[in-house]
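# Results of the structural survey
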Amino acid sequence: MNLKQKVIRRRSILDTIGLVGLLGLVVINAFHFNLLNAYLYYREFFSGFFLVLIARYAMISFFGPKQTEIRVNHLLFYLLLFPLLLYIWSFIDFNVSLYGVDELGRVSAHINDVSLSLYVLRNALLYLPMVVYIYLRGLNLDEIRIIAFVVSIVVPFSIMSYMQSVSIYGQDLTLGMIGELGGQGIAYNSYVPYLTFGVLCAIYLLYSQVHPIGEMILIVCISYAVIFIFLSTSRQSTLFVLISFIAFVLITGKGLIDYKKWFISGAALVAIFILFDHFTDGYVLADKIIDRYSGVDDFLDSGSRGNKVLDGLSMLSPFELLIGAGLTSVIVSGPHNDYVRWTQRVGVPLMIFGFYPFFFAFKHGFRLARLNSESNTLFLFITLAVGYTLFHSLFGYPREDANQAVVSYLGLALWFGAYSEGLLNLNRQEK
């Protein structure tokens, strides 16, 4: 791909408003579970907000004093084409329910008689305006770090609010109680994976140029989030955090002589152990936690999920593997694997098409990180930010989950924003 560096320009007031709007969406979404009975449609509001900003760019492009051509990156074209293909697929829906009719009533208490096809299309379209806007606007290095910082620091507050919203035995949860209950009552397959994106952002910032006070704040945020993730018994989330941490330790910087990198890593680990001992003091960890983390075999054991994947594929005939069993053939739950669920809906070719932008961006980011071994912090972060969706899609449905969907598309938006700004040029290195 020929990446041309964009001329750096001063941000306008509307550019600043757009960035503030993006940060507002990230912050509000962190407390989604508190908004179900207050303002459920805040995501549609922000979609409209970004559409207005996109229209503003189009107006300037076509009617401004210096008319400019808006070029649609081929990856963005595929991303936008996918919902259109889904709309075409909705006309050949066979009204088949692979997991039972009763399941369809559990989609949402708020959609009432809304078409299930429309519900799926809405999920596919909801965050595309955000991605398109970021592509048109671009993101410089400072703006990427601001976004990462906000995502990081909101995580512990989200966790505290979440624990207050989950009542077990008539009591608000604490970290110690979660450990004693073995993660009982925690949405370890949806909410907990969402938190790992914030941990990734914090790890990225710790390996970038951050003020010492900022480093201390980030270490506390990471420690609190990692303890919650660990006690929730979400192995996929724990594994993603480990992969992110190991990747930054081994791949970034100038090798093993980067003493600051090792000092920060050690400080974070010490903080985690100290806070873990503090929060779990007086509590007895459940056997479930001990069993899940007692060894590599137990940690990686996911036989039941593997069976669900195989069962999900076995439900399809050879013809259905090609075109799917229908857009609404599976809405809630299912195979606990987004690749399989989309295969069930639309078949293998269109499933691959839908994930293609994420695969391409991940491959391109990884190539940049590998070729720029001495200064690849940004490239590695963007690679893992896009990889967040690819990884968690092995275990759930991050692009449609209420909390995960924002950061799933945010990872792709960061890639497009950096690309548009010229930061992904192979000849340019982060300083």
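A brief structural summary. Note that this is a predicted model, so its numbers are computed, not measured.

## With respect to the overall build of the chain
When you go through the chain residue by residue, the secondary structure sums to 19 helices and two strands. Per-residue burial over the chain gives 55% buried out of 431 residues. Contacts in the chain between residues far apart in sequence, at least 24 positions, make up 80% of those at least 6 positions apart. Accessible area for the chain stands at about 19800 Å²; split by element, carbon and sulfur atoms hold 66% of it.

## What to know about the pattern of salt bridges
Tallying each qualifying case throughout the model produces eight salt bridges. Asp338 is paired through a salt bridge with Arg399; the nearest N and O atoms lie 3.6 Å apart. Highlighted residues: Asp338 in helix α16 (residues 338–346) and Arg399 in the loop between α18 (377–392) and α19 (404–421), separated in sequence by 61 residues. The salt bridge partner of Glu400 is Arg345, with a shortest N-O separation of 2.7 Å. Placement of the pair is Glu400 in the loop between α18 and α19 and Arg345 in helix α16, with a sequence separation of 55 residues. According to the relative accessible area criterion, Arg345 is buried, its value standing at 0%. If you follow the salt bridges from partner to partner, you end up with Arg11, Arg137, Glu143 and Glu421 in one network.

## Concerning the packing of helix α10 (residues 235–251) against helix α11 (residues 259–279)
Running from amino to carboxyl end, α10 crosses α11 at an angle of 155°, the nearest separation of the two axes being 10 Å. Put simply, α10 runs roughly antiparallel to α11. Like other packed secondary-structure pairs, α10 and α11 cross with a definite hand, here left-handed. Packed against α10, whose contacting residues are Phe245, Phe248 and Val249, the element α11 presents Lys261, Trp262 and Ser265 at the interface.

## Some remarks on unusual backbone geometry
Phi at Asn95 is positive, roughly 55°, even though this residue is not glycine. Among the secondary structure elements, Asn95 is positioned in the loop between α3 (74–89) and α4 (116–125). The exposure class of Asn95 is exposed, given its relative accessible area of 68%. The backbone phi angle of His336 is positive, close to 55°, even though this residue is not glycine. Tracing the chain through its elements places His336 in the loop between α15 (318–323) and α16.

## Thoughts on the side chain of Asn337
With respect to the secondary-structure elements, Asn337 resides in the loop between α15 and α16. At a separation of 2.9 Å, a polar atom in the side chain of Asn337 contacts the main-chain amide nitrogen of Tyr339. Excluding residues within four positions of it along the chain, Asn337 makes contact with Val309, Ser393, Leu394, Phe395, Gly396 and Tyr397.

## Here we look at the packing of aromatic side chains
Inspection of the entire model under this criterion finds 34 aromatic pairs. An angle of 75° between the planes, with centres 5.2 Å apart, marks the rings of Phe33 and Tyr162 as edge-to-face. Residue Phe33 is located in the loop between α1 (13–29) and α2 (42–63), and its partner Tyr162 is located in helix α6 (residues 141–165); the two are separated by 129 residues in the primary sequence. An aromatic cluster is present here, built from Phe45, Phe46, Phe49, Phe50, Tyr57 and Tyr133 joined pairwise through their rings. Above the ring of Tyr57, the side-chain terminus of Arg56 is found at 4.9 Å from the ring centroid. Between Arg399 and the ring centre of Phe355, over which it is positioned, the NZ or CZ distance is 4.0 Å.

## Some words on the environment of Ile134
Among the structural elements, Ile134 can be located in helix α5 (residues 128–137). In sequence terms Ile134 and Phe50 are 84 residues apart; their C-alpha atoms lie 9.1 Å from each other. For Ile134, the residues in contact, after removing those within four places along its chain, are Leu22, Leu139, Ala413 and Gly417.

## Structural notes on the side chain of Ser152
Relative to the assigned elements, Ser152 resides in helix α6. A distance of 3.0 Å separates a polar side-chain atom of Ser152 from the backbone nitrogen of Ala202. Ignoring sequence-local partners within four residues, the contact set of Ser152 consists of Gly198, Cys201, Ala202, Leu205, Leu218 and Cys221.

## Remarks on helix α8 (residues 191–206)
Helix length check: α8 (16 residues) gives 24 Å between terminal C-alpha atoms against 22 Å at 1.5 Å per residue, within 8%. The element α8 is extensively covered by neighbouring structure, given that 16 of its 16 residues are classed as buried.

## Side note on the packing of α6 against helix α9 (residues 212–231)
Running from amino to carboxyl end, α6 crosses α9 at an angle of 40°, the nearest separation of the two axes being 9 Å. By the angle between their axes, α6 is oblique relative to α9. Crossing of α6 against α9: the hand is left-handed. Together, Phe149, Ser152, Ile153, Val155, Pro156, Ile159, Met160, Tyr162 and Met163 of α6 and Ile217, Leu218, Cys221, Tyr224, Ala225 and Phe228 of α9 make up the contact between the two elements. Grouping the amino acids of the contact of α6 with α9 by side-chain chemistry returns 14 nonpolar, one polar and no charged.

Cut-offs applied
Residues numbered from 1 in each chain as written. Predicted model: local features only at pLDDT ≥ 70, side-chain atom pairs only at ≥ 80, totals over all residues. Heavy atoms only, no water. Helix = DSSP H or I, 4+ residues; strand = E, 2+ residues; numbered from the N terminus. Buried < 20%, exposed > 50% of the residue type's maximum accessible area, 1.4 Å probe, protein only. Contact = heavy atoms within 4.5 Å. Areas by Shrake-Rupley, 256 points an atom, 1.4 Å probe, with all protein chains shown as cover. Salt bridge = Lys/Arg side-chain N within 4 Å of Asp/Glu carboxyl O. Axes fitted to C-alpha atoms, helices over the stretch in contact; angles between N-to-C directions. Parallel < 35°, antiparallel > 145°, perpendicular 65-115°, else oblique. Left-handed = near helix turned anticlockwise from the far one by under 90°. Polar contact = N/O pair within 3.5 Å; in protein donor to acceptor, adjacent residues only side chain to side chain. Phe/Tyr/Trp six-rings, centres within 6.5 Å; stacked < 30°, edge-to-face > 60°. Lys NZ or Arg CZ within 6 Å of the ring centre and 35° of its normal. Expected span 1.5 Å × (residues − 1). Nonpolar A, V, L, I, M, F, W, Y, C, P; charged D, E, K, R; others polar.

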